[in-house]
Amino acid sequence: MKNDITLREMQQQVDDYIAQFKEGYFSPLALMARLTEEVGELAREVNHYYGEKPKRSDEEENTIDMELADCLFILLCFANSLDIDLKKSFSDMMHKFNTRDADRWTRKDE
């Protein structure tokens, strides 16, 4: 698998993976629950690395990058299940930030 994969290619890889199984995509509500679970796991890892709560010595070593990737996988599943093109959605979202929030933050060159 190449590392410079596009968002569309990610969505296609996830779709190809899910297509192997009779169950297909989970319902939107189930995907929302799964995403919430994964975000919780990410929060736990961030807290272990940057917060005041160290890991117990018997806890499995997870990493922030893998927890982020788990969240991404669920987001890709969510988008695919609803026929959402994330590349277009991302472009629309960035347009919103670049217009609505254009003067919201202090620019480094000011």
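Throughout this document, residue positions are counted from 1 along each chain, in the order its sequence is written. The model is predicted, so local features are restricted to residues of pLDDT at least 70 and side-chain atom pairs to those at 80 or more, both for listing and for counting; the totals for chains, interfaces and linings are taken over all residues. Based on all heavy atoms of the structure, the side-chain values leave hydrogens and waters out of the count.

Draft legend 1. Spotlight on the nonpolar core. By convention a nonpolar core is built from buried Ala, Val, Leu, Ile, Met, Phe, Trp, Tyr and Cys residues, the set being connected through side-chain atoms within 4.5 Å. Categorising residues by exposure relies on relative accessible area from a 1.4 Å probe, with only protein chains included: less than 20% of the type maximum marks a residue as buried, more than 50% marks it as exposed, and the intermediate range marks it as partly exposed. With 11 residues, the main nonpolar core is built from Val 14, Ile 18, Leu 31, Leu 35, Leu 42, Ile 64, Cys 71, Ile 74, Leu 76, Cys 77 and Phe 78. Numbered from the N terminus, helices here are DSSP runs of H or I no shorter than four residues, and strands are runs of E no shorter than two. Looking at this core, the elements that each hand over two or more residues are α1 (7-18), α2 (28-50) and α3 (64-81). If one sorts the elements of this core by residue count, α3 sits on top with 6 residues.

Draft legend 2. View of the packing of α2 against α3. To obtain an axis, a line is fitted to C-alpha atoms, over the contacting stretch when the element is a helix, and the angle between two such axes runs from 0 to 180 degrees between their N-to-C directions. Running from N to C, α2 and α3 cross one another at 165°; their axes reach a closest spacing of 9 Å. As judged from the angle between their axes, α2 and α3 are roughly antiparallel. At the point where α2 passes α3, the crossing takes the left-handed sense. Note that Gly is not counted as nonpolar here; it falls among the polar residues with everything else outside the nonpolar set of Ala, Val, Leu, Ile, Met, Phe, Trp, Tyr, Cys and Pro and the charged set of Asp, Glu, Lys and Arg. Classifying every residue of the contact of α2 with α3 gives 16 nonpolar, 1 polar and 6 charged. The scheme is simple: roughly parallel for angles under 35 degrees, roughly antiparallel for over 145, roughly perpendicular for 65 to 115, oblique for anything else. We call a crossing left-handed when the near helix sits turned anticlockwise from the far one by less than a right angle, and right-handed when that turn is clockwise.

Draft legend 3. Representation of the side chain of Glu 59. Following the sequence through the fold, Glu 59 ends up in the loop between α2 and α3. A polar atom in the side chain of Glu 59 sits 2.3 Å from the side chain of Arg 44. What qualifies as a polar contact is a pair of N or O atoms within 3.5 Å, subject to a donor-acceptor requirement within protein and to the restriction that residues adjacent in sequence count only when both atoms come from side chains. Only 2.7 Å separates the side chain of Glu 59 from the backbone nitrogen of Arg 56, close enough to count as a polar contact. Residue contacts for Glu 59: discarding those within four places in its chain leaves Arg 44 and His 48. We call two residues in contact whenever any of their non-hydrogen atoms come within 4.5 Å of each other.

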